[in-house]
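# Coordinates in review
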Amino acid sequence: MAEQRVPRALATAAAAKIPKMARANLSATVRAKDEGKKVAYSFIVVGQDEIMRAMDIVPAWGESFSGISAAKRDAEKYLQRAEADNFSRSLCTYATCNIGFDMWREELGGAMPPDAPWGGIGRPDMILGTAQQLCDPRYKWPQATRHYLRDVPVFIGGMYYPAWDPKIDHKTQEEYYVKYNTAELHRCVEFCEKHTGKKMDWDRLASVVDLTDRTWNLFVETYELRKTIPCPMDTGDAMNTMVPMAFMLGTQESYDFFLALNAELKEKIAAKQGVVENEKYRLLWGAGLPSWFALSDFQYFNDKGAVFPVETTYRCYEPVYNLDLPKTSDPLEHIAWRWVRFWTHWYDKARKRPGSTPAVERLIDYIEDYKCNGVVFHSAFSCRSWHAGILLQAEILKKVYPEIPVLIMEGDIVDISSYNEADTHNRIDAFIETLEAYKQKQR
Ligand code: SF4
């Protein structure tokens, strides 16, 4: 039985629209069959969004479903099912939550499990993914799902970028990666054509790619408005406003959402309306997916006068005009260039600071640009890839800013069993005291 909770107070009207949008995304997957559309399980920052949108394939995002289940504190029943079939609790809980749900639906002969959050997620006709250098579940999650959904075809392409090596100029390698990624995207189109029975409309794809470019630009330009003091929107809201980027990229609705958010933030700035009335501390959310069941912790920070004007989480985009993308008539090659240039965006900077890394240079940029006086990381135990670098980043950051307060919170994205609200709030209280002492010293 899901625990009833008071949702976090949102600073922006735009963020308040998100639950309806996320729910509509899920509903679209459930009614797709009646509308004669194909559904594809897919993954965040997959690089294939525009292909799906141009071919009218309805994306069904496992991370979104698992995050919603966690936010409703209703994921345990799925985690337990996966665990009963020997999936360890220490595996990615986005994956195990979704797999537990799939197992249950197959046991019911394809019927929706009872009381599925927001009506559940539609059964896929295919699984699309890319094995980015992001995490092993990008390979293993689809394989495990296929164990239960035997009839569902899987396409996992590669979407790689040059690995960080301070001794190597990645620009000497990037063309090779782009060529490979472009070929993989073409293979993805062939796979989609085969399983939808439709041909790609290349003009339509080109216009979706153009819309995505404009959305990347607008997204960052909008988020940069948060540099203003007092900050008009913080990370607590950004954990919601990620939905139109992460799960609706390549749609007009996504672009229009950020247009409205941009206008709303400008109004707040003109009225000097901040997230908190008396802004005392500006924090960088340095890394980590949030505990979806404990988003109210952002409110706890706000109540202490702390705001997060910037975060790295879900900000996997840079304005396209900053990426200097080579011209190409192939929209898939353009997508490949866009991602390779984004993932390597901080490489040149990192090479100039011995001992640094691109992730740390990004944190430094944000600390300076958004005038942050503290950094908070969230280390989710079940994500072994992205969250694994947090300790190293914090250590290197301390060499650049020896006294900056850093808090590393520990928990999970979906699994609530390791979360203790009182302990978390005690740690935040102690961190706020450190922040206050640091601020006094800076005066
Ligand atoms: S990045 Fe982490 S949380 Fe996301 S799918 Fe991979 S392992 Fe799971």
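Fair warning: this is a prediction, and the values are worked out from it, not measured in the lab.

Moving on: the packing of aromatic side chains. A full pass over the atoms with the stated rule returns 31 aromatic pairs. Relative to Phe-247, the ring of Trp-61 has its centre 5.5 Å away and its plane inclined at 45 degrees; by these criteria the two rings are tilted. Of this pair, Trp-61 sits in strand β2 (residues 58-61) while Phe-247 sits in the loop between α11 (243-246) and α12 (252-270), and the two are 186 residues apart along the sequence. On the basis of relative accessible area, Trp-61 is assigned to the buried category, the value being 4%. Classification of Phe-247 as buried rests on a relative accessible area of 4%. With a centroid separation of 6.1 Å and an interplanar angle of 25 degrees, the aromatic rings of Trp-339 and Trp-343 are classed as stacked. Of the two residues, Trp-339 and Trp-343 are both situated in helix α14 (residues 331-343); the distance of four residues between them amounts to about one turn of the helix. Comparing Trp-339 with Trp-343 shows no difference in burial state: the two are buried. Grouping aromatic residues by their ring pairs yields a cluster made of Tyr-161, Trp-216, Phe-219, Tyr-223, Phe-257, Phe-258, Tyr-317, Trp-339, Phe-342, Trp-343 and Trp-346.

Sheet architecture is open: four strands sit in the order β6-β5-β7-β8, paired in parallel fashion. Every interior strand has two partners, whereas the edge strands, β6 (306-311) and β8 (406-411), have only one. Between one strand axis and the next, the sheet turns through 30 degrees on average, direction left out of account. Examined bridge by bridge, strand β5 (residues 281-287) and strand β7 (residues 374-380) share four bridges and lie parallel to one another. Paired with Trp-285 across the strands is Val-376, a residue of β7. Set on the sheet, helix α16 (residues 358-369) makes contact with β5, β6 and β7; between it and β5 the angle comes to about 165 degrees.

As a further point, take the pattern of salt bridges. For the structure shown, the criterion picks out 28 salt bridges. Between Asp-56 and Lys-198 there is a salt bridge, and its shortest N-O distance comes to 3.6 Å. You can see Asp-56 sitting in the loop between α3 (49-54) and β2 and its partner Lys-198 sitting in the loop between α8 (174-196) and α9 (202-223), a full 142 residues away along the chain. For Lys-198, a relative accessible area of 38% gives the class partly exposed. Here Lys-304 and Asp-429 are joined by a salt bridge, their closest N and O atoms 3.2 Å apart. Of this pair, Lys-304 sits in the loop between α13 (296-303) and β6 while Asp-429 is found in helix α18 (residues 421-442), placing the two residues 125 residues apart along the sequence. Taking relative accessible area as the criterion, Lys-304 reaches 28% and is therefore assigned partly exposed.

Here we come to the site of the ligand. Surveying the vicinity of the ligand reveals the residues Cys-92, Tyr-94, Cys-135, Pro-137, Leu-289, Cys-383, Ser-385 and Ile-413. Classifying every residue of the shell around the ligand by side-chain character gives seven nonpolar, one polar and no charged.

Here Asp-369 is to be found in helix α16. Take Asp-369: its relative accessible area is 40%, and that puts it in the partly exposed class. C-alpha of Asp-369 to C-alpha of Glu-224: the two residues are 145 residues apart in sequence and 9.1 Å apart in space.

Let us now look at the sheet that holds strand β3 (residues 126-131). Pairing in this open sheet of four strands is parallel, and the strands run β2-β1-β3-β4 from one edge to the other. Across the chains shown, the open sheet's two edge strands, defined by having one partner strand only, are β2 and β4 (154-158). Neighbour-to-neighbour, the strand axes of the sheet open up by a mean angle of 30 degrees, direction not taken into account.

Reading the values: the criteria
Residues numbered from 1 in each chain as written. Predicted model: local features only at pLDDT ≥ 70, side-chain atom pairs only at ≥ 80, totals over all residues. Heavy atoms only, no water. Phe/Tyr/Trp six-rings, centres within 6.5 Å; stacked < 30°, edge-to-face > 60°. Helix = DSSP H or I, 4+ residues; strand = E, 2+ residues; numbered from the N terminus. Buried < 20%, exposed > 50% of the residue type's maximum accessible area, 1.4 Å probe, protein only. Pairing = 2+ DSSP bridges. Axes fitted to C-alpha atoms, helices over the stretch in contact; angles between N-to-C directions. Contact = heavy atoms within 4.5 Å. Salt bridge = Lys/Arg side-chain N within 4 Å of Asp/Glu carboxyl O. Near = heavy atom within 4 Å. Nonpolar A, V, L, I, M, F, W, Y, C, P; charged D, E, K, R; others polar.

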